[in-house]
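In case you want the letters, here they are:
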Amino acid sequence: VGSSNEDGDADAVMTDQVDYTVVNVQNYVRFHSEDDSPWTMEQILTARVLMEEEHPRRINPSVRSLLRSIVKNDESMSRNGSFQPGDWVEVMGPDMKWKLDMVEKALPIGNSGEFIYKVGPRGQLKRIELRAPEEGLLRVFGSRPWIWQQWALLKVENLLRFHEGHPHDFERLDIPEYARYLWLRWINDPDNYGFLRQLDDLRLASASELLFDHIMKPFYILDEIRREERWDFTDDVFSVFSYMSLLGKGAFPVCLFCIIMQFVIPLLLLMESLTIANYDTWAKEDDRSYFDYVIKIFCVTDDEAQCTRLRVTTLMIGGVQMLYLLQVGPDMAAKFAQIIGAGRFVPEYSVGRVNAMRQIVREKNEDRIEQKFGLFLDFYMNSLYVYLLFILNLYNIFSKVDPFEVLYNAIALEFVYLMDENYVSLTWWDHDRRFLKAGVMEVALQGQVNITALACSKEFARLFDVAQRIVLEACENDSWLLNSVSQSNVDSENIKYMDKSELHDYFVTKKLKENSLWNHEFIKQPVDFGSFGKSLDSLHNIFSGQHRSTIFDRYRSFRTWSRWNKVLFIAEIPKVDELFEKDANGNQIIQMELERRKATEEEPFRNFDRDVGTLDFDEFVKKRKADVLSGRALRRNLIQVLRKGKYPSVLLQSFTCCIDGAFQWLAYFLQLSFPTINLVLLFLQGFCWARYIDILENDSAETRCNCQLVSDEYPAFKQMFGIFDENGLFLRYQCDDLLDFVLNITLSGYTPEEYLAIQQEQQMQMQMQQQ
């Protein structure tokens, strides 16, 4: 413990944090003074500091704690890796968003020099899964690196091709390597000398490395998708609606066909079931109770059905319900978590991560209209529609008499609701899933490229902390900033803004044109998914004279390189000396005053969420369900629409937001209530058994089952009463006569044979008297 005032202030800050920590370990260290403790004050403080280092508590981060997480010495990094317990880092959550949280553990992996980390509720995290806090890096280096990141993402999209075998094909291009080349080219630009000096500051050596790692994360993710590392694009959950959600218009005809078939077939089955129920005859009977209507709807009331067949049918229906309860329900719940955009970082949850990235683009409102429609279909056709289909099938099989009809309906249901997934597995669709992978990479780019800020001076100034006037001057006072088709066309032909690869292709193409030759190897060709998409592109080119956006060519209008050359260097560089001060020994430390600056609701830190559950998969899913079912998600979306929308379009957006929220609530409600609905119908099936089959135990009731029992006990009566038709089925109207006959035998006291002989003798006497 230091004795100087400055060290005393440092200890005071530590003591405030430790007092908060001691609450959790008060059974171990519960002493606060020397008077009531056998320990000395030095021992107490030492124990508190050790506990704080080994078991840090997640508290509200301060600017100083963020800076201490990135400004480190070599000894600290060699002992604990890049981060140590108590540091603040960002880790990607189940929704593919980076979240700021505290490192709780850092454990070495053998003698490899690598570490695994526990951050918040998540453990077993490798270094590559973490990145330094964006808020801290911004205060050290400013926003220039993030402006560069936007430019570099556009350069990557410009270089990528959908051209199998080409060096720039999206499955072959080394994206991180190209991004490193762009980074070195940028930091060594003469206009960027001040930023290069900041990087070379010895006090910021560790921060410079962490900055580069942080800025490169989007390129690493794109490369993981390219190499299919921790990604599986052969998953059967991908459907034709997924293709439309990712790629847009190309899959529309097949999506339309699937929608028609998936609605028409169940509706036909429903109409057939309603016809069998024949509700019109029931409407005339006013003395029926509500429970009688339930019996009519869910129990078999066909008087021509045989009880032996009904028993098998009831068992078959119960088997289907148990299958729904024990297999289909849990399986659909697991799929539902991925459908709503929650994914673990393993290949089996690729669909969840794709949907999470797709939700990010939707929240930014930067997806195309066909993508919006595809996302709408992809979500509801794989959630709300499926649960409604299962419930409809349960109603449908309850009205069946034949067990084979129950089985056929259950099999037909599987075919209907998996129709959109089965299309994707066809060889003529996308046999190697290249289009799917390209669509996922495009959505990853959409989630990172902020086209709203790049086309709006006010948003650009807010996001990158640059004066709005300076941005407009750099973009020639164009209100669309970096979004200009005409300027993009001019800059694309200017060799001043080309790198070596682009220069090579440019001059070779120019030479080929001079000799009236054509070679696709040097010219990026427009590629779209499906013949329908290609036809739309051709029509658009004919009538507009401009190329429609295609795969890896969506941001053509943002390739205004002449404007980018100015925008890349307009952000101010922070004065790093203002972040440091000297301690009593003359060593430079981060300013103590920065400890008081913490995240608030008015000025939140980037990517910081006070809710620790957003990093855990199960907690995230529970929170998402609670938000939707409680209406918080709808209220949040409405507020966002009202804030960003403009009249009168905001009215339509608000209406669609409410409709979407209502359907979403119904989908979440059915997902939670489906097991309960199934259990209720299972108990109802038992009641139907007792109502129509076990009634055999009651001799006074007249049912087709009693008729069958009597006829089996007295074979001689079958021919007499003609209770069989030509197909061998029992006839109800003959059963009534048979049961009356058996009742008379019981009352007479004769055996059936004696009673029958007496009846025959009486009939003969009557005939003789008539003669």
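For the structure itself, consult the block above.
Now for a look at the structure at hand.

So, how was this worked out
Residues numbered from 1 in each chain as written. Predicted model: local features only at pLDDT ≥ 70, side-chain atom pairs only at ≥ 80, totals over all residues. Heavy atoms only, no water. Helix = DSSP H or I, 4+ residues; strand = E, 2+ residues; numbered from the N terminus. Buried < 20%, exposed > 50% of the residue type's maximum accessible area, 1.4 Å probe, protein only. Contact = heavy atoms within 4.5 Å. Areas by Shrake-Rupley, 256 points an atom, 1.4 Å probe, with all protein chains shown as cover. Salt bridge = Lys/Arg side-chain N within 4 Å of Asp/Glu carboxyl O. Pairing = 2+ DSSP bridges. Core = buried A, V, L, I, M, F, W, Y, C linked by side-chain atoms within 4.5 Å. Phe/Tyr/Trp six-rings, centres within 6.5 Å; stacked < 30°, edge-to-face > 60°. Lys NZ or Arg CZ within 6 Å of the ring centre and 35° of its normal. Patch = residues over 30% accessible without salt bridge, like charges linked within 9 Å, V, L, I, M, F, W, Y side chains within 5 Å.

Overview of the overall build of the protein chain
Point 1. The helix and strand inventory of the protein chain stands at 35 helices and 7 strands.
Point 2. Of all 771 residues assigned to the protein chain, the portion counted as buried reaches 48%.
Point 3. Of the contacts made within the protein chain by residues no fewer than 6 positions apart, 70% connect residues no fewer than 24 positions apart.
Point 4. Roughly 39700 Å² of accessible area belongs to the protein chain as shown, and the carbon and sulfur atoms make up 56% of that amount.

Notes on the pattern of salt bridges
Point 1. With the rule as written, the count across this model stands at 44 salt bridges.
Point 2. The residue Asp367 makes a salt bridge to Lys372 at a minimum N-O spacing of 2.8 Å.

Comments concerning the pairing of strand 4 (residues 122-126)
Point 1. Judged from the 3 bridges that link them, strand 3 (residues 115-119) and strand 4 form a sheet pairing that is antiparallel. Bridge pairing links Ile116 to Lys126 in strand 4.
Point 2. Here strand 3 folds back onto strand 4, and the loop between the two strands holds 2 residues, one of which, Gly120, carries a positive phi near 60°.

Section: the environment of Pro253
Point 1. With respect to the helices and strands, the residue Pro253 is situated in helix 11 (residues 252-277).
Point 2. For Pro253, a relative accessible area of 37% translates into the label partly exposed.
Point 3. Separated by 277 residues in sequence, Pro253 and Gly530 place their C-alpha atoms 9.5 Å apart.

Remarks on the nonpolar core
In a soluble, globular protein the nonpolar side chains are often hidden away together inside.
Point 1. Trp148 and Phe460 are the most contacted members of the largest nonpolar core, which has 168 residues in total.
Point 2. Sequence-distant contacts of Phe460, defined by excluding residues within four places in its chain, comprise Ile147, Ala453, Leu454, Asp465, Val466, Val471, Leu481, Val567 and Ile570.

Re the packing of aromatic side chains
Point 1. Under the definition given, this model contains 39 aromatic pairs.
Point 2. Look at Trp148 and Trp186: their rings are 6.2 Å apart centre to centre, the planes differ by 35°, and that puts the pair in the tilted class. A residue pair is termed long-range when its members are at least 10 positions apart, and Trp148 in helix 6 (residues 144-159) and Trp186 in helix 7 (residues 175-187) qualify at 38 residues.
Point 3. Assessed through its relative accessible area of 0%, Trp148 is described here as buried.
Point 4. Each residue in the set Phe162, Phe170, Tyr243, Phe257, Tyr423, Trp428, Trp429, Phe435, Phe529 and Phe552 is aromatic and connected to the rest through ring pairs, giving one cluster.
Point 5. Lying across the ring of Trp561, Lys155 places its NZ or CZ 4.6 Å from the centre.
Point 6. Directly above the aromatic system of Trp231 lies the positively charged group of Arg353, at a separation of 4.1 Å from the ring centroid.

Things to note about a nonpolar patch on the surface
Point 1. On the surface, Leu256, Ile260, Val264, Leu268 and Met271 cluster together into a nonpolar patch covering about 460 Å² of accessible area.
Point 2. Mapped onto the secondary structure, Met271 falls in helix 11.
Point 3. Using a relative accessible area of 52% as the deciding quantity, one classes Met271 as exposed.

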